[in-house]
Amino acid sequence: MAEEQPGGSARADGEGRGEERMAEEQPGGSARAGGDGRGEEFEFHTGTIRPSKEPDAIEFIEVHKSFGRNHVLRGLNMALPENSISMIIGPSGTGKSVCIKHIVGLLYPDEGDVIVHGKSIPSLSDAELFEARKKFGVLFQDGALFGSLTLWDNIAFPLRQHTEKSEEEIAEIVNRRMREVGLGGEGAKMPNELSGGMRKRAGFARSLVLDPQIVLFDEPDSGLDPVRTALLCELIKEVHSENGGCYVVITHDILSARRVGQHISVLWKGRIVESGPADELFESENPFVRQFLSGASAGPLGME
């Protein structure tokens, strides 16, 4: 891995990160795991990174984040490729949503770095971060619509806030994005008149109006029935195939991962167990990965 591989991460180059660093670590993939009883805790965290065919859009490098005594991210190393739908999956409470907040600069790591398109997010000034955020679209769990605005005005809001486009230009973009997500003709409705699935689609449309290079989905299947979850997954695939870019989906729903995931990172206890192309992860021999991706009761993951 001394030379850069296709779709590899800067973590695997001559800077001493990635696999070269892992060679110096204790079993379980952590330099912190020696002598303090935590080696066994991370015994299934091989940190195996299977190369993708695309360069990395987002990198987490030895990221630690604590909230009081709760150490959530514990030396996280993760790469998310360009032009792919990446899934970050794992048990509840293991730090998945915290990752999204680091990517957009709502949280900063206590240690380590978060790199987006070659730029260190924690190192940006406020003005630079404001500009960097324009490349992101974010779909929150509940759609995060403004209750006092119509559906149409909710979707138009980022364009009015961040651009100087005319109302005619805004109308063309909003109407196109609404048609893409199947909400054409619904613009006059208020958020409280929408079903859960419609609010998700409205949030998706709003996340796309600035033509983002990166779209982040925080558990988009949360609160949806299986049919609407399947329909939303198909919508994500369709829109990605038309627009490209780096899509990052936070979920613990394995069916969603199977439907749309092209790259999967399995997160547990604040670190990556394994990551790589989806078809390879579903064939992994790692006991934790096999248990989680199959939804089995027997395995390393218990109720604790």
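Residues numbered from 1 in each chain as written. Predicted model: local features only at pLDDT ≥ 70, side-chain atom pairs only at ≥ 80, totals over all residues. Heavy atoms only, no water.

## What to know about the overall build of the protein
Helix and strand content of the protein: 10 helices and 11 strands. Counting across all 304 residues of the protein, residues that qualify as buried make up 50%. Residue pairs at least 24 apart in sequence account for 67% of intrachain contacts in the protein once pairs closer than 6 positions are excluded. Surface summary for the protein: the accessible area is close to 14,100 Å², and the carbon and sulfur share equals 49%. (Helix = DSSP H or I, 4+ residues; strand = E, 2+ residues; numbered from the N terminus. Buried < 20%, exposed > 50% of the residue type's maximum accessible area, 1.4 Å probe, protein only. Contact = heavy atoms within 4.5 Å. Areas by Shrake-Rupley, 256 points an atom, 1.4 Å probe, with all protein chains shown as cover.)

## Brief notes about the nonpolar core
Ile89, Phe204 and Tyr247 are the most contacted members of the largest nonpolar core, which totals 46 residues. Residue contacts for Phe204: discarding those within four places in its chain leaves Leu139, Val181, Phe217, Leu235, Ile236, Val239 and Tyr247. (Core = buried A, V, L, I, M, F, W, Y, C linked by side-chain atoms within 4.5 Å.)

## Here we look at the packing of helix H4 (residues 151–162) against helix H6 (residues 196–208)
Two numbers describe how H4 lies on H6: the axes approach to 7 Å, and their chain directions differ by 30 degrees. Judged by the inter-axis angle, H4 sits roughly parallel to H6. Relative to H6, H4 is oriented so that their crossing is right-handed. Contact residues: H4 offers Leu151, Asn154, Ile155 and Pro158, while H6 offers Ala202, Ala205 and Arg206. (Axes fitted to C-alpha atoms, helices over the stretch in contact; angles between N-to-C directions. Parallel < 35°, antiparallel > 145°, perpendicular 65-115°, else oblique. Left-handed = near helix turned anticlockwise from the far one by under 90°.)

## Side note on the packing of H4 against helix H5 (residues 167–180)
Packing of H4 against H5 brings their axes to within 10 Å, and their N-to-C directions diverge by 125 degrees. In terms of axis orientation, H4 runs oblique to H5. Once H4 is placed against H5, the crossing between them reads as right-handed. Touching Leu151, Trp152, Ile155, Ala156, Leu159 and Arg160 of H4 are Glu167, Ile170, Ala171, Ile173, Val174, Asn175 and Met178, all from H5. Of the residues belonging to the contact of H4 with H5, the class tally is 10 nonpolar, 1 polar and 2 charged. (Nonpolar A, V, L, I, M, F, W, Y, C, P; charged D, E, K, R; others polar.)

## Section: the pattern of salt bridges
Tallied over the full model, the rule gives 13 salt bridges. A salt bridge links Arg290 to Glu285; the nearest nitrogen and oxygen atoms lie 3.7 Å apart. A single network of salt bridges, built from pairs that share partners, joins Arg50, Glu274 and Glu280. (Salt bridge = Lys/Arg side-chain N within 4 Å of Asp/Glu carboxyl O.)

## A look at the pairing of strand S2 (residues 56–67)
Taken across its 12 residues, S2 has 9 buried, putting it largely inside the fold. In terms of strand pairing, S2 meets strand S3 (residues 70–81) through 9 bridges, oriented antiparallel. In the strand pairing of S3, Phe67 is matched with Asn70. Here S2 runs beside strand S5 (residues 111–116); their pairing, made up of 5 bridges, is antiparallel. Counterpart to Glu59 in the pairing with S5 is Ile115. (Pairing = 2+ DSSP bridges.)

## Section: the packing of aromatic side chains
The final tally for this structure, using the stated rule, is 5 aromatic pairs. Ring centres 4.9 Å apart and planes at 55 degrees place the aromatic pair Phe146 and Phe157 in the tilted group. On the criterion of sequence distance, the pair formed by Phe146 in the loop between strand S7 (136–139) and H4 and Phe157 in helix H4 is long-range, its members being 11 residues apart. For Phe146, a relative accessible area of 37% translates into the label partly exposed. Given the relative accessible area of 32%, Phe157 is considered partly exposed. The interplanar angle of 15 degrees and the centroid separation of 5.9 Å between the aromatic rings of Phe288 and Phe292 together place this pair among those described as stacked. Taken together, the residues span about one helical turn, with Phe288 and Phe292 both in helix H10 (residues 287–294) at a distance of 4 residues. Like Phe288, the residue Phe292 is buried in the burial classification. The structure contains a cluster of three or more aromatic residues connected by ring pairs, namely Phe204, Phe217 and Tyr247. In this structure, Lys269 packs its charged tip against the face of Trp268, placed 4.5 Å from the ring centre. Its end group placed over the ring of Phe42, Arg271 keeps NZ or CZ at 3.8 Å from the ring centre. (Phe/Tyr/Trp six-rings, centres within 6.5 Å; stacked < 30°, edge-to-face > 60°. Lys NZ or Arg CZ within 6 Å of the ring centre and 35° of its normal.)

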